[in-house]
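# Structural characterization, general
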Amino acid sequence: MPIDVRQFPCFADNYGFLVRDEATGVVASIDTPEPEKIEAALAAAGWRLDLILNTHHHWDHAGGNLALKEKWGARVIGPAGEADKIPGLDEAVGEGEVVQVGASSATVFDTPGHTAGHIAYHFAEDGVAFVGDTLFALGCGRLFEGAPAEMWASLKKLAALPDETVVYCAHEYTEANARFALSLGEENPALAARAAHIFELRATGEPTVPTTIGAERAANPFLRAAEASLAAALGLDGATPVEVFAETRRLKDAF
Ligand code: ZN
Ligand code: FE
């Protein structure tokens, strides 16, 4: 069954997302960054809110849970690995579990690294993934609660989805990510072309989200830690992908 996705900016650089199952009219909010903006998006679409699907516990992702739950009686579904930190949680889910949004379903992936219990939601039939703060366009989340090996494993899991998978990331960080990716000096025409397009979009305030798995595999340095060309650019010939990933993340934190 097809889903209808609405994306809207929240706070300075977050995105909010509403997902409506077209067969049943059931609506889910992916995370709850800014309740006022979520209410406005619901009103604009003429939708009511049934479900909240949280990716992780950070305030800009779960901070609106209680207000929206109180207003709509929405059921809150979130990561089992950090269930104690999700306000209003009704159902904890983890790797391989399936979440129903009406007649549509999303498979849950554990994607630890940014936070210890972070999860992503993959609507396989629709070719759509909501990845929270794990994967960004040309970037990845900071490692607040995880080691590089964990985040690399999480990113590999997402990278294994079909190339055409549409990826909804929770922040508009892409322009800064593009500048960082270019600074690494990897010989990569796909990145050069992508960065040029991103600078164009951002110059007029256009969103760069969603992206696709294929576009990210081609240009996102954090998905390219197993590529010899990235290792070479970092002076890490022969290093393991986890070592290359860790160094890339370290450089980004200092960029
Ligand atoms: Zn976060
Ligand atoms: Fe965030």
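Description of the structure in this document. Since this is a predicted model, take the numbers as computed values, not measurements.

### Describing the overall build of the protein
A tally of regular secondary structure across the protein gives nine helices and 14 strands. Computed over its C-alpha atoms, the radius of gyration of the protein comes to 18 Å, within 12% of the 18 Å expected for a compact globule of 255 residues. The burial tally for the protein puts 52% of its 255 residues in the buried class. For the protein, the proportion of contacts with a sequence separation of at least 24, taken over those separated by at least 6, is 59%. Working note: accessible area of the protein is about 10,300 Å², and carbon and sulfur atoms make up 54% of it.

### Details of the sheet that holds strand β6 (residues 91-93)
What the six strands build is an open sheet, ordered β1-β2-β3-β4-β5-β6; its pairing is mixed. The strands lining the two open edges of the sheet, one partner per strand, are β1 (3-10) and β6. Averaged over all adjacent pairs, the angle separating strand axes in this sheet is 20°, with direction ignored. Here strand β4 (residues 51-53) runs beside strand β5 (residues 75-79); their pairing, made up of three bridges, is parallel. When the bridges of β5 are listed, L53 appears paired with I77. Contacting β1, β2 (14-21) and β3 (27-30), helix α1 (residues 35-45) crosses the sheet at an angle of about 140° to β1.

### Some words on the packing of helix α4 (residues 148-159) against helix α9 (residues 241-253)
Describing two packed helices takes the angle between their axes plus the distance from one axis to the other. Where α4 contacts α9, the axes come no closer than 9 Å and their chain directions differ by 105°. Judged by the angle between their axes, α4 and α9 are roughly perpendicular. In this structure, α4 contributes P148, A149, M151, W152 and L155 to the contact, and α9 contributes P241, V242, F245 and A246. Partitioning the contact of α4 with α9 into residue classes produces nine nonpolar, no polar and no charged.

### Quick word on the pattern of salt bridges
Pairs can form between side chains of opposite charge whenever their charged atoms are close. With the rule as written, the count across this model stands at 15 salt bridges. In this structure, K71 and E39 form a salt bridge, with 3.1 Å as the shortest nitrogen-oxygen distance. Remark: E39 occurs in helix α1 and K71 occurs in helix α3 (residues 65-72); sequence separation between them is 32 residues. Under the relative-accessibility criterion, K71 is labelled exposed at 53%. A salt bridge links R194 to E216, with the nearest nitrogen and oxygen atoms 2.7 Å apart. Placement of R194 in helix α6 (residues 189-203) and of E216 in helix α7 (residues 213-219) is noted, with a sequence separation of 22 residues between them. Residues R194 and E216 agree in their burial class; the two are buried. It is possible to trace a salt-bridge network through shared partners that takes in R142, R249 and D253.

### Here we look at the nonpolar core
Ranked by internal contacts, the top residues of the largest apolar core, which has 49 residues, are L53, Y121, F123 and F130. When residues no more than four places from it in sequence are discounted, the contact partners of L53 are A28, S29, I30, D31, I77, V99, V101, Y121 and F123. In terms of nonpolar packing, the next biggest core, distinct from the first, is built from 15 residues, F8, C10, A41 and I52 among them.

How each quantity is defined
Residues numbered from 1 in each chain as written. Chains lettered and ligands numbered in written order. Predicted model: local features only at pLDDT ≥ 70, side-chain atom pairs only at ≥ 80, totals over all residues. Heavy atoms only, no water. Helix = DSSP H or I, 4+ residues; strand = E, 2+ residues; numbered from the N terminus. Rg over C-alpha atoms; globule rule 2.2 N^0.38 Å. Buried < 20%, exposed > 50% of the residue type's maximum accessible area, 1.4 Å probe, protein only. Contact = heavy atoms within 4.5 Å. Areas by Shrake-Rupley, 256 points an atom, 1.4 Å probe, with all protein chains shown as cover. Pairing = 2+ DSSP bridges. Axes fitted to C-alpha atoms, helices over the stretch in contact; angles between N-to-C directions. Parallel < 35°, antiparallel > 145°, perpendicular 65-115°, else oblique. Nonpolar A, V, L, I, M, F, W, Y, C, P; charged D, E, K, R; others polar. Salt bridge = Lys/Arg side-chain N within 4 Å of Asp/Glu carboxyl O. Core = buried A, V, L, I, M, F, W, Y, C linked by side-chain atoms within 4.5 Å.

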